[in-house]
Amino acid sequence: MQNQQSKVHHVGEWASLRNTSPEIAEAIFEVAKYDEKLAEKIWEDGNDEVLTLAFEKTDKDSLFWGEQTIERKNV
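I will try to describe carefully the structure that is included in this document. (Residues numbered from 1 in each chain as written. Predicted model: local features only at pLDDT ≥ 70, side-chain atom pairs only at ≥ 80, totals over all residues. Heavy atoms only, no water.)

### A few points about the pattern of salt bridges
Here the idea is simple: oppositely charged side chains can pair when their charged atoms come close.
Phase 1 of the analysis: Enumeration according to the criterion identifies 5 salt bridges in this entry.
Phase 2 of the analysis: Here Glu23 ties to Lys60 by a salt bridge, and the two come within 3.2 Å at their closest N and O atoms. You can see Glu23 sitting in helix H2 (residues 22-31) and its partner Lys60 sitting in the loop between helix H4 (48-56) and strand E1 (62-65), a full 37 residues away along the chain.
Phase 3 of the analysis: Among the salt bridges present, the one from Lys41 reaches Asp45, with a minimum N-O distance of 2.6 Å. With Lys41 and Asp45 both in helix H3 (residues 36-45), this residue pair falls 4 residues apart, about one helical turn. (Salt bridge = Lys/Arg side-chain N within 4 Å of Asp/Glu carboxyl O. Helix = DSSP H or I, 4+ residues; strand = E, 2+ residues; numbered from the N terminus.)

### Details of H2
Phase 1 of the analysis: Of the positions making up H2, those classed as buried are Glu23, Ile24, Ala25, Ala27, Ile28 and Phe29.
Phase 2 of the analysis: Positioned one or two residues after H2, Lys33 has a phi angle of 55°, which is positive. (Buried < 20%, exposed > 50% of the residue type's maximum accessible area, 1.4 Å probe, protein only.)

### Some words on the pairing of strand E2 (residues 68-71)
Phase 1 of the analysis: As paired elements, E1 and E2 share 4 bridges and run antiparallel to each other. By the bridge assignment for E2, Phe64 is matched with Thr69.
Phase 2 of the analysis: Count of turn residues in the E1/E2 antiparallel hairpin: 2 residues, of which Gly66 carries a positive phi of about 65°. (Pairing = 2+ DSSP bridges.)

### Some points on the environment of Asn19
Phase 1 of the analysis: Residue placement: Asn19 occurs in the loop between helix H1 (4-17) and H2.
Phase 2 of the analysis: Relative accessible area serves as the criterion here: at 44%, Asn19 is assigned to the partly exposed category.
Phase 3 of the analysis: For the pair Asn19 and Asn3, spaced 16 residues apart in sequence, the C-alpha separation works out to 24 Å.
Phase 4 of the analysis: Those residues within four positions of Asn19 in sequence are excluded, and the remaining contacts are Phe64, Trp65 and Gly66. (Contact = heavy atoms within 4.5 Å.)

Written out as structure tokens, the structure is:
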């Protein structure tokens, strides 16, 4: 069982490999309940719930999801 610190490190590394904002990666894993296969599917398919949750974690006006930049005003 992973502890919280190793989960955070893993999510950060996962985000970096996918050129995705850490806030979006954290939200993806929360929605996926830390199931990596489901997280990968959410990352590939997109998910509005993830975007809402990600912007709740930050005061940034834009986040990136792979090649796409997501603006807070559009969520």
